[in-house]
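Below are the chains, spelled out letter by letter.
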Amino acid sequence: MADDRGQDTPKTSGYRFATLGPEASTGIVVAVAVVAAVVAVLAGAEPVGSPTADTVVVAITAFVVTMAASVVPWWLVFGALVISTATAGDATVIAVGVVAGVLYLASLTAFGPHTITAAVAGAVAVNVMLRSDLARFLGFSMIVGGVVFGIVVLAAAMTLDGRVRRIVLITTGLLVAVAVASVAALGLAANDARTEVTSANAAAREGIELLSDGEYDEAAELFDDAASDFSAVDDRLQSPLVAPARIVPGLSQNVRAGSELTAQAADALADAALALRSVDPDSLSFDNGRIDLTAIRDAEEPLVQVQAALDGLQTTIADVRSPWLIDRITEELDELEVELAEEEPRLDTVIEAVQITPQILGGDGPRRYLVLFGSTAEARALGGFIGNYAEMLIDDGQITVTEFERRSDLEGILEVSGATCDGCPSQFVERYGPFGFTSGPDGGVGDKAWSNITMSPHFPHVAEVAQLLYPSSGGDPIDGVFYMDAEVVSTLMSYTDPVDLPEFDVTVNANNALRFILGEQYALGDGANDDRIDALGTLGNAVIGQLLTGSLPGPAVLARDLAPLVDDRRLMFLTTEREEQEFLDEIGVSGSLPEFDPANGGFSVTMTNAGGSKIDVFLEREVDVEIVTSATGDRRLVAEVTLTNHAPTEGLPPVVIGSEAGLPPGTSRLYTTFYGPLGLDSAERDGEELDLTAKLEAGWAAYPLFMDLASEESSTFHLEFDLPDQLDPVDEALQDGTFGEPTLFEQPLSELG
């Protein structure tokens, strides 16, 4: 009988061999197939996703394809080799495929079709395909390989005896049926799991946000819900209905990856929920002037456990992530992974807070802090003029306010103390020395130091100067400084009862405190200073007394209410300990100026009242900043600032709209400073050129000037600064050529409307 190669072929062990020569035998073909199977296993292909099963499936596939290639038409073998080589992504693998193809064609030309050469070509084809690099869509190389080698195997099957051929075809049909049924079963399971996966992801993400906000009970509930939903998805993927899919190449990876991931996610979130329930949020609250430091310390271990659980979940998502994962699971996990990554620093901060807070609250010994109360009615670059101060002692979590007095009391003692500012930050002294810090006798501190201590917008400098001067002003050595303005006081009054002020026969509460402190106190009594001082003393002592003898909300509510005030630079705090300073800077409460960006520059404008009036609630500020890049790559930071004074000329007492300098009523005198890069190219006020000189402050260049604004007058400043250009950055830090937005910060003002 003649075969497709045109040669008479005897039968051996059920196979028909082409062009048999004396040296060819079934044993050689089998040996080639065995070698092909061994080499195929080394490819590391994972058609099923189980190491043992993968080894068996790959070895059998390579063996069968090699044996089949020895009995099919030569063009089928050559076609399989060409397609396999075309799918390869590695240059070495491609070279092997090309060489094998050339040699196979050469053997055909020289000797005609031959069983052994066909088997070798088939072995090379299947091994090249196993190392393919098709990434058009999931499993594309598996599909291509299945189709190509399926044709080869079926063609070989057609050469078998009738009974064997029927068995092979029936078996193939059954395998296809199982695969189709498995796809359908997995599709149903995946569809049913969609809602649960979405619900689990949403609950986990919301729980992470609540955890960062200190809502531990609510976060634990949501983590439990997410764990339950993820567990339900795992149960679906483990169900008997889906079991056949675990042995079908391509489907098995979906099932295994999805099951492993959802099971571990469920475990991690359940562990996090369990750890959170051991934290008692109520024990972390401020009650009757005391914070339980033991409760704060005890919160560390469960929070670390939560962190470990969520870190484990993140690691699991990264490790188990597979291109075989069901799309819906992949999408949800992408969202969850992003949420985990974003919230990880916040959880780190919470843990650091429970580690450091006890020592700040006197856990290692009494701490004494100075509290400065600023009023933005008389602006300073930091925020406001200091009207009152308090001294606060904290010992093992028990808070006591030992003093609440006027700023002028400090200045009266400091003026005659002979104190100097020799230990003050050099940049502070250089900029603000003439305003009361080096203007006293023999270059000592003058009588306006505490009035002008907040002229610097960089709170670490202010706190350092306050720490140095306070003992010379009649106080005890301090361990840190708080600053808060009237908007912080107004917020704190939302936790107290209203306060009656008999001096003015008014009641102050959280709703009207800001307006009273910044405006109405001056109008009542026609600006009588003694009445105002007495009224502010009554208000301050009453609020402090209620705060220290009552209960404050838990950490989550306090953080929610006070965080915006910290962001607006209205509430600041810094201690003298470096570790604590770094933590307070990390959470944004240190009041440091943002780090200046040499690549993109930065800008701000601050105003300090230079007229001794309470007029600045009528000051309006508009700032527009942009980076302009020319066609040649030159970059400039362009800032435009408009200041408008809406103060009236009459109807308010002189302390509000008057001036120590004798200016017309309603006129505002300001010491204005523009902050930006050193390279100031031009500056104009209302179109007229300005000559501004730079001084350094906290990494920024500061350009100060005095100015007057009459009632309802506006003035516009236009400033341009040179920036490193895109084509030739000169600073080593700019060599990557990356450019972005300028750094901005803003002085807190208060407009009463």
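Residues numbered from 1 in each chain as written. Predicted model: local features only at pLDDT ≥ 70, side-chain atom pairs only at ≥ 80, totals over all residues. Heavy atoms only, no water.

Trainee: Please give an account of a nonpolar patch on the surface that cites residues and values.
Mentor: Taken together, the side chains of V34, V38 and L42 make up a nonpolar region of the molecular surface, amounting to roughly 300 Å² of accessible area. Its place among the elements puts V38 in helix α1 (residues 26-41). (Patch = residues over 30% accessible without salt bridge, like charges linked within 9 Å, V, L, I, M, F, W, Y side chains within 5 Å. Areas by Shrake-Rupley, 256 points an atom, 1.4 Å probe, with all protein chains shown as cover. Salt bridge = Lys/Arg side-chain N within 4 Å of Asp/Glu carboxyl O. Helix = DSSP H or I, 4+ residues; strand = E, 2+ residues; numbered from the N terminus.)

Trainee: Residues and numbers for the state of the cysteines, please.
Mentor: Applying the stated criterion across every chain, the model contains 1 disulfide. Disulfide pairing places C421 opposite C424 at an S-S distance of 1.8 Å. Handedness of the C421-C424 disulfide follows from its S-S torsion of about -95 degrees: it is left-handed. Assessed through its relative accessible area of 4%, C421 is described here as buried. Since its relative accessible area comes to 7%, C424 is described here as buried. (Disulfide = S-S within 2.5 Å. Buried < 20%, exposed > 50% of the residue type's maximum accessible area, 1.4 Å probe, protein only.)

Trainee: Just give me the short version of unusual backbone geometry, but keep the residues and values in it.
Mentor: Phi is positive for D505, close to 55 degrees, though the residue is something other than glycine. Judged by relative accessible area, which is 70%, D505 ranks as exposed. Positive phi values are uncommon outside glycine, yet D686 reaches one of about 50 degrees. Tracing the chain through its elements places D686 in the loop between β16 (680-685) and β17 (688-689).

Trainee: Describe the pattern of salt bridges, with residues and values.
Mentor: Summed over all chains, the structure comprises 18 salt bridges. Taking the shortest distance from any N to any O, the salt bridge between E746 and R621 comes out at 3.5 Å. With a gap of 125 residues between them, E746 in the segment after β21 (743-744) and R621 in strand β13 (residues 619-629) connect regions that are remote in the sequence. A salt bridge links R636 to D722, with the shortest nitrogen-to-oxygen separation between them at 3.1 Å. Placement of R636 in strand β14 (residues 635-645) and of D722 in strand β20 (residues 714-723) is noted, with a sequence separation of 86 residues between them. A relative accessible area of 24% means that R636 is categorised as partly exposed. Owing to a relative accessible area of 39%, D722 belongs among the partly exposed residues under this scheme.

Trainee: Lay out the packing of helix α4 (residues 91-111) against helix α5 (residues 115-130) with the relevant residues and their values.
Mentor: Contact geometry of α4 with α5 gives a least axis separation of 10 Å together with a crossing angle of 160 degrees. The angle between α4 and α5 places the two elements in the roughly antiparallel class. The two elements α4 and α5 meet at a crossing, and its hand is left-handed. Residue-level contacts link V93, V96, G97, A100, Y104 and S107 of α4 to T117, A118, A121, V124 and V128 of α5. Of the residues that constitute the contact of α4 with α5, the class distribution is 8 nonpolar, 3 polar and no charged. (Axes fitted to C-alpha atoms, helices over the stretch in contact; angles between N-to-C directions. Parallel < 35°, antiparallel > 145°, perpendicular 65-115°, else oblique. Left-handed = near helix turned anticlockwise from the far one by under 90°. Contact = heavy atoms within 4.5 Å. Nonpolar A, V, L, I, M, F, W, Y, C, P; charged D, E, K, R; others polar.)

Trainee: So what about the sheet that holds strand β19 (residues 700-709)? Which residues, and what values?
Mentor: Here 5 strands make up an open sheet; going across it, the order is β18-β19-β15-β12-β21 and the pairing mixed. What marks the edges here is a single partner per strand, and that holds for β18 (695-697) and β21. Bridge analysis of strand β12 (residues 602-609) against β21 gives 2 bridges, and the strand direction is parallel. Residue pairing for β21: F603 is matched across the bridge by L744. (Pairing = 2+ DSSP bridges.)

Trainee: Pulling in residues and values, what's your account of α1?
Mentor: End to end, α1 covers 23 Å across 16 residues, agreeing with the expected 22 Å (1.5 Å per residue, within 8%). Looking only at α1, the buried set comprises T26, V29, V32, A33, A36, A37 and A40. End-on view of α1: buried residues confined to an arc of 140 degrees, all on one side of the axis. (Expected span 1.5 Å × (residues − 1). Arc of directions from axis to C-beta.)

Trainee: Which residues make up the packing of aromatic side chains, and what values go with them?
Mentor: Taken as a whole and assessed by the stated rule, the structure comprises 18 aromatic pairs. By the ring-pair criterion, three or more aromatic residues cluster together here, those being F603, F674, Y703, F717 and F721. The lysine or arginine in question, K614, covers the ring of F385, its NZ or CZ lying 4.0 Å from the ring centre. (Phe/Tyr/Trp six-rings, centres within 6.5 Å; stacked < 30°, edge-to-face > 60°. Lys NZ or Arg CZ within 6 Å of the ring centre and 35° of its normal.)

Trainee: How would you summarise the sheet that holds β13 if you had to cite specific residues and measurements?
Mentor: Taken together, 5 strands build an open sheet; the order of strands is β13-β14-β20-β16-β17 and the sheet is antiparallel. Of all the strands in the sheet, just β13 and β17 have a single pairing partner and so form its edges. Here 11 bridges tie β13 to β14, and the two strands are oriented antiparallel to one another. Within β14, the position partnered with T629 by the bridge is R635.

Trainee: Which residues make up the pairing of strand β15 (residues 668-676), and what values go with them?
Mentor: Along a regular strand, successive side chains alternate from one face of the sheet to the other. Counting buried positions along β15 yields 8 of 9 residues, so the element is predominantly enclosed. Bridging between β12 and β15 involves 6 bridges; their strand directions are antiparallel. Bridging from a neighbouring strand, M607 pairs with T672 of β15. Across 9 bridges, β15 lies against β19 in antiparallel orientation. If you follow F674 over to β19, its bridge partner there is Y703.

Trainee: Tell me what's going on with helix α20 (residues 555-567), and back it up with residues and numbers.
Mentor: If you check α20, its first and last C-alpha atoms are 17 Å apart, about what 13 residues at 1.5 Å a residue would give, namely 18 Å. The largest bend in α20 amounts to roughly 35 degrees and is located at D561, with the proline P564 lying one to four residues further along. Next to the buried residues of α20 lie α17 (486-492) and β11 (571-575). Two residues or fewer past α20, R569 is found with a positive phi of approximately 65 degrees. (Bend = angle between axes of the 7 residues up to and from the residue.)

Trainee: Account for the pairing of β11, with residues named and values stated.
Mentor: In terms of burial, β11 is a largely internal element, 5 of the 5 residues being buried. Burial of the side chains of β11 extends over both faces: L571, F573 and T575 are buried on one face and M572 and L574 on the other. In the sheet, strand β8 (residues 480-485) pairs with β11 via 5 bridges, with the strands oriented antiparallel. Bridged to G480 within β11 is T575.

Trainee: Give a detailed account of the confidence of the model for the protein, specifying residues and quantitative values.
Mentor: Per-residue confidence for the protein gives a mean pLDDT of 83, with 82% of residues at or over 70. Across residues 1-24, where pLDDT falls below 50, the model places 54 contacts with residues more than four positions away in sequence or in other chains. Here residues 732-737 is modelled with pLDDT under 50, and outside its nearest four sequence neighbours on either side it reaches 6 contacts, counting other chains as well. (pLDDT = per-residue confidence, 0-100.)

Trainee: Give a detailed account of the environment of N452, specifying residues and quantitative values.
Mentor: With respect to the element layout, N452 can be found in helix α15 (residues 449-452). A relative accessible area of 11% means that N452 is categorised as buried. Apart from the residues within four sequence positions on either side, N452 is in contact with R380, F435 and F437.

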